[in-house]
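# Geometric and topological summary
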Amino acid sequence: MAGRINDDDVKAVRDAVPIDAVVSEYLQLRNAGGGNLKGLCPFHDEKSPSFQVSPSKGLFHCFGCQEGGDTIAFVMKIDHLSFSETVERLAAKAGITLRYEEGGYNPSHQRGERIRLIEAHQAAAEFYVRALESPEAELGRTFLAERGFDQDAAAHFRVGYSPAGWDHLTRYLRGKGFSDKELITSGLSQDGRRGPIDRFRGRLMWPISDTAGDIVGFGARKLRDDDNGPKYLNTPETPIYKKSQVLYGIDLAKKDIAKASRAVVVEGYTDVMACHLAGVTTAIATCGTAFGNDHIKILRRLLMDNGSARVIFTFDGDSAGQKAALRAFEDDQKFAAETYIAIAPDGMDPCDLRLVKGDDAVRDLVEPRTPLFEFALRQIVGRYDLETPAGRAAALDEAAAVVAKIKTSSVQREVAVQLAGLVGILDQEFVVRRVAQLAHWARNKGGDQGDRGGRGGSQGRGPRGGTPQQSAPAPAFSGPALNLRSPAHRTERELLKLALQRPALVSPAFDAYGVDEFTAPPYAAVRRCIEEAGGAEQGIADDRAYLGAVLDAAPDNTVRSLVTELAVEVFIGKTIDETYAGVQLVHVRLRAVDRRIADVQSSLTRLGSNVAPHELAAAQSEVWVLQQYAQNLRVHGAAAL
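Reading the values: rules and limits
Residues numbered from 1 in each chain as written. Predicted model: local features only at pLDDT ≥ 70, side-chain atom pairs only at ≥ 80, totals over all residues. Heavy atoms only, no water. Helix = DSSP H or I, 4+ residues; strand = E, 2+ residues; numbered from the N terminus. Buried < 20%, exposed > 50% of the residue type's maximum accessible area, 1.4 Å probe, protein only. Contact = heavy atoms within 4.5 Å. Areas by Shrake-Rupley, 256 points an atom, 1.4 Å probe, with all protein chains shown as cover. Phe/Tyr/Trp six-rings, centres within 6.5 Å; stacked < 30°, edge-to-face > 60°. Lys NZ or Arg CZ within 6 Å of the ring centre and 35° of its normal. Pairing = 2+ DSSP bridges. Axes fitted to C-alpha atoms, helices over the stretch in contact; angles between N-to-C directions. Parallel < 35°, antiparallel > 145°, perpendicular 65-115°, else oblique. Nonpolar A, V, L, I, M, F, W, Y, C, P; charged D, E, K, R; others polar. Left-handed = near helix turned anticlockwise from the far one by under 90°. Salt bridge = Lys/Arg side-chain N within 4 Å of Asp/Glu carboxyl O. Arc of directions from axis to C-beta.

What follows covers the overall build of the chain. From N to C terminus, the chain includes 28 helices and 16 strands. The burial tally for the chain puts 51% of its 641 residues in the buried class. Residue pairs in contact within the chain that sit at least 24 positions apart in sequence constitute 69% of those at least 6 positions apart. Carbon and sulfur atoms make up 49% of the accessible area of the chain, which totals about 29,100 Å².

Tracing the backbone shows Thr 238 in the loop between strand 11 (232-234) and helix 11 (250-260). For Thr 238, a relative accessible area of 5% puts it in the buried group. Setting aside residues no more than four positions away along its own chain, Thr 238 makes contact with Thr 185, Ser 186 and Gly 187.

For the coordinates displayed, the defined rule picks out 16 aromatic pairs. Taking the centre distance of 6.0 Å and the plane angle of 65° together, the rings of Phe 127 and Tyr 128 count as edge-to-face. Across this residue pair, the class does not change: Phe 127 and Tyr 128 are buried. Geometry around Phe 43 places Lys 77 over its ring, the cationic atom sitting 5.7 Å from the centre. It is Arg 589 that lies over the ring of Tyr 513; its NZ or CZ is 4.1 Å from the centre.

Direction of pairing for strand 7 (residues 189-192) relative to strand 8 (residues 195-198): antiparallel, over a ladder of 4 bridges. Considered in strand 8, the bridge of Asp 191 is made with Pro 196. The turn linking strand 7 back onto strand 8 is made up of 2 residues.

In the contact formed by helix 21 (residues 487-501) and helix 25 (residues 543-553), the axes pass within 9 Å of each other and the chain directions differ by 125°. One way to sum up the angle between helix 21 and helix 25 is to call them oblique. Each of Ala 499, Leu 500 and Gln 501 in helix 21 lies in contact with helix 25, whose residues at this interface are Asp 543, Tyr 546, Leu 547 and Val 550. Considered class by class, the residues forming the contact of helix 21 with helix 25 number 5 nonpolar, 1 polar and 1 charged.

Attention now moves to the packing of helix 1 (residues 7-16) against helix 4 (residues 83-94). Relative orientation of the contacting elements helix 1 and helix 4 amounts to 55°, with a least axis distance of 9 Å. For the element pair helix 1 / helix 4, the angle class is oblique. Like other packed secondary-structure pairs, helix 1 and helix 4 cross with a definite hand, here left-handed. Contact with helix 1, carried on its side by Val 10, Val 13, Arg 14 and Ala 16, involves Phe 83, Val 87, Leu 90, Ala 91 and Ala 94 of helix 4 and no other residues of that element. Residues of the contact of helix 1 with helix 4, tallied by class, amount to 8 nonpolar, no polar and 1 charged.

This structure, assessed with the given rule, holds 29 salt bridges. Here the salt bridges share partners, and the residues they tie into one network are Arg 493, Glu 494, Lys 497, Glu 565 and Glu 569.

In this section: helix 9 (residues 168-175). Among all positions in helix 9, only Leu 169, Thr 170 and Leu 173 are buried. Seen end-on, helix 9 carries its buried residues on one side only, within an arc spanning 100°. In the core, the buried residues of helix 9 are packed alongside helix 6 (113-131), helix 10 (180-186), strand 7 and strand 8. A positive backbone phi angle near 100° is found at Gly 177, which sits one or two residues after helix 9.

Attention shifts here to the environment of Leu 173. One can find Leu 173 in helix 9. Here Leu 173 falls in the buried class, since its relative accessible area comes to 0%. The sequence separation of Leu 173 and Leu 183 amounts to 10 residues, and the corresponding C-alpha distance is 7.9 Å. With residues up to four places along the chain from it excluded, the contact list for Leu 173 reads Ala 120, Ala 123, Ala 124, Phe 178, Leu 183 and Leu 188.

The subject of this paragraph is the environment of Val 526. Its location among the elements puts Val 526 in helix 23 (residues 521-532). Residues Val 526 and Arg 560, 34 residues apart in the sequence, show an inter-C-alpha distance of 8.4 Å. The residues contacting Val 526, other than those within four sequence positions of it, are Leu 496, Leu 500, Leu 562, Val 563 and Leu 566.

A few words on the side chain of Arg 89. Mapping Arg 89 onto the fold places it in helix 4. Look at Arg 89 and you get buried, because its relative accessible area is 14%.

Below, the structure written as structure tokens:
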């Protein structure tokens, strides 16, 4: 049985691995103000960044879907790992040796499945790289050389070779301590008549990594005529490899994609190599499948959908390449980036183009030339005889249905006008009306499910950021609903943010505030968590331990989510100092005092002449004291607290 990881080691892992460094492996982050960072949430589709990271707190929170937590929670969620697997993975990244409290630690038995499978792939990649140097792999080295890739290029992309025997890799990995079950599950081996045998034999091997840089699969190219398998053979679907969710070269390209706000989508492994070696370091490729929804999500998180982002598709000039371009256009509006297509005049792919015409030709190829929507419409219109009225009508019907899918009306109109020119219809307004009519019919049939984070056509512009939409937590509290338009609720929210993010500014005054001074039930719940964690004063000495204690005190995930939200949210004010903190403290206290005065006076009014003389005197005395306190708060501010 796996031992429980020592609590001190878990804390050491949290402190050692910066949350912004981990999150940046999956999406582009930009400054959000107040020391926070923002990006497009990886857990739900959105077009305006509502996902925020607080490096100083070690927390993240999405104001759109309410996901939040620390570094460990992020990795668990995005990579579908268990708690132990996540801690082990982050510990390995930080060079921390973990201790287990229930006996010794046997890596071959106690490590999580995902980590074991990734370790098997890493070992396999090293095996294949060494095998490429063997005499048997001469055919593979020749294949690379004929395509302009020398030894350094092969080493940079970790290209390898799988020996032609039945079980060379299988025996090697067994010797490394991997079980037959792990080898079959990983897809590196397959069942044979007498046990597991190598899945890849006698092929050139490209390792396929996920966004975090972990090798999760391989692409294998056949080299021999007697190999009866397909030209390219990829890893089958496994717990860590889903072909629709991986992009070859993303580990090498992601930083430059985010920096340049540009991605180049090519068709093959050698095309990615050619582009990177030619200086186009934003090139990536799909792995044996069409470019689809999950690939778009990966790129959108890196591009962050700003208005200048570009996605350039390069397809072969043959009919298959044109079909691939049309499939890409079907998903075009899920981007906020501008999309283009680049096809070499002679139909060569980037690898052949580099070999024949050099690096400059590859760089020139991927400079945006033709908007994808224009290419797609030309392909559709080109199938009809535009010299006849019937041909023009048929071309218009098919192409107009495509244009009608564009969500942004201004862009839809612009493209409709261009379609009129392509078809040869002089009455542009007729085409515009036809497109609008088709769009209206689609919406009425339920075809328009709303803008799920995309945009309307290739000329559209996505939002340039914006303030996160602050939505209330799920209704798990009793009492009035949270209303962020209420000045009282806004002030209570600011004060709680100060208590979580800048406790030194509000302590010790904050810790004297009662839970009942927070009128919004969700905020009262957070105030209770802070109280159970020892108060805001605890955050002065150890900020992260204090936040951890507050999160641990949360009674459920709804409150826990609100704590992380408040711990990363940017303040409303521009200057966050003692004066600002004092204003929030005074406003919350003053409203509480005014409510108490109103309650006492209301009770006296209801009782009328039935109140006993001594009770009346006590109530009047309380009102007088509270009124004096309220006056002092209004005149002297925080000094009167």
